[in-house]
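Here's the letter readout for the chains.
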Amino acid sequence: MRGKKTPWKSLAACTVALLLPVITIAAGGEQGPGRRTFNLSEISVFEIDEQVRGQFIRGQLAACSEQRPSEIKAYPAFKSDKPIYGSIQFAHEYGEEHSAKQYYFAVDEGSGTGRGYDLLYFDLNHDLDLTNDTPLQPLENPPDGAYLNYPSIKQQVCFDYLDVDFDYGQSGQRPLEIMPRLTISDSGYALLGLVTTKAFRGEIEIAGQKYNILLGHN
């Protein structure tokens, strides 16, 4: 083995790269510029060392409020007098104003007002109708490391996984497994985080130096 191993390095990646268990990089060396491909192994983001895990389990965040989005055509009969609502955009392309796909959601208190938010309605079929989306329940046994450790969090719920389809161009639509996580602070501020559950790990070599890398979403 040439060189020495460095501590874990994390790399943010686009969705296409995340689902491919290889990484190709431009690399220069004694033989000049070129491209090398390295195999990566799929792992759970919740198994990543806690020193860098936070960069992978923070997720894409959406603020929640008590104001109903007017875009939604139909809502279920909520148990709570104060359900919360929000929306999130995926797959925005840089420089393309209307390229993102927007999903709406609502969170209900299944046992009634003030009993805690525990039902997530997510418009997965993208038809602006939340009555035909099965509500997601809290995970009975969330993975170790799934929760955020912030002292200001009053309530935190990890919901069942979603499979959200993304456009992979010539490869067509492919699903990405996502864990929704609701956090509510002491001040009442609510966020829904959408956390991709998989990452890739491997070793690459650049200019004679070997590096351990993690490839995923921050």
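Residues numbered from 1 in each chain as written. Predicted model: local features only at pLDDT ≥ 70, side-chain atom pairs only at ≥ 80, totals over all residues. Heavy atoms only, no water.

(A) Inspection of the packing of aromatic side chains at higher detail. Within the structure shown, the criterion is met by 7 aromatic pairs. With a centroid separation of 5.9 Å and an interplanar angle of 80°, the aromatic rings of phenylalanine 78 and tyrosine 121 are classed as edge-to-face. Placement of the pair is phenylalanine 78 in the loop between strand E5 (60-63) and strand E6 (84-90) and tyrosine 121 in strand E8 (residues 119-122), with a sequence separation of 43 residues. Judged by its relative accessible area of 16%, phenylalanine 78 falls in the buried class. (Phe/Tyr/Trp six-rings, centres within 6.5 Å; stacked < 30°, edge-to-face > 60°. Helix = DSSP H or I, 4+ residues; strand = E, 2+ residues; numbered from the N terminus. Buried < 20%, exposed > 50% of the residue type's maximum accessible area, 1.4 Å probe, protein only.)

(B) The arrangement of the nonpolar core in detail. Core analysis: the largest hydrophobic core is formed by 25 residues, its most contacted members being Phe90, Phe105, Val107, Phe122, Leu182 and Leu194. Broken down by secondary-structure element, the contributors of at least two residues to this core are E6, strand E7 (101-108), E8, strand E10 (162-167), strand E11 (173-185) and strand E12 (190-196). The element that contributes the greatest number of residues to this core is E11, accounting for 4 residues. Every residue in contact with phenylalanine 122, bar those within four places of it in the chain, is listed here: Ile88, Phe90, Tyr103, Tyr104, Phe105, Leu130, Asp133, Leu162 and Leu194. Counting residues in each nonpolar core, the second largest holds 16 residues, with Val45, Leu148, Ala199 and Leu214 among its members. (Core = buried A, V, L, I, M, F, W, Y, C linked by side-chain atoms within 4.5 Å. Contact = heavy atoms within 4.5 Å.)

(C) Up close: the pairing of E8. Neither face of E8 is open: one carries Leu119 and Tyr121, the other Leu120 and Phe122, and all of them are buried. Pairing of E7 with E8 involves 4 bridges; the strand directions are antiparallel. By the bridge assignment for E8, valine 107 is matched with leucine 120. (Pairing = 2+ DSSP bridges.)

(D) Structural detail: the sheet that holds E8. Within the open sheet, the 3 strands sit side by side as E6-E7-E8. Their pairing is antiparallel. The two strands at the open ends of the sheet, each matched to only one other strand, are E6 and E8. Going from strand to strand, the sheet's axes swing by 25° on average, the running direction of each strand aside. Looking at chain direction, E6 and E7 are connected through 7 bridges and run antiparallel. (Axes fitted to C-alpha atoms, helices over the stretch in contact; angles between N-to-C directions.)

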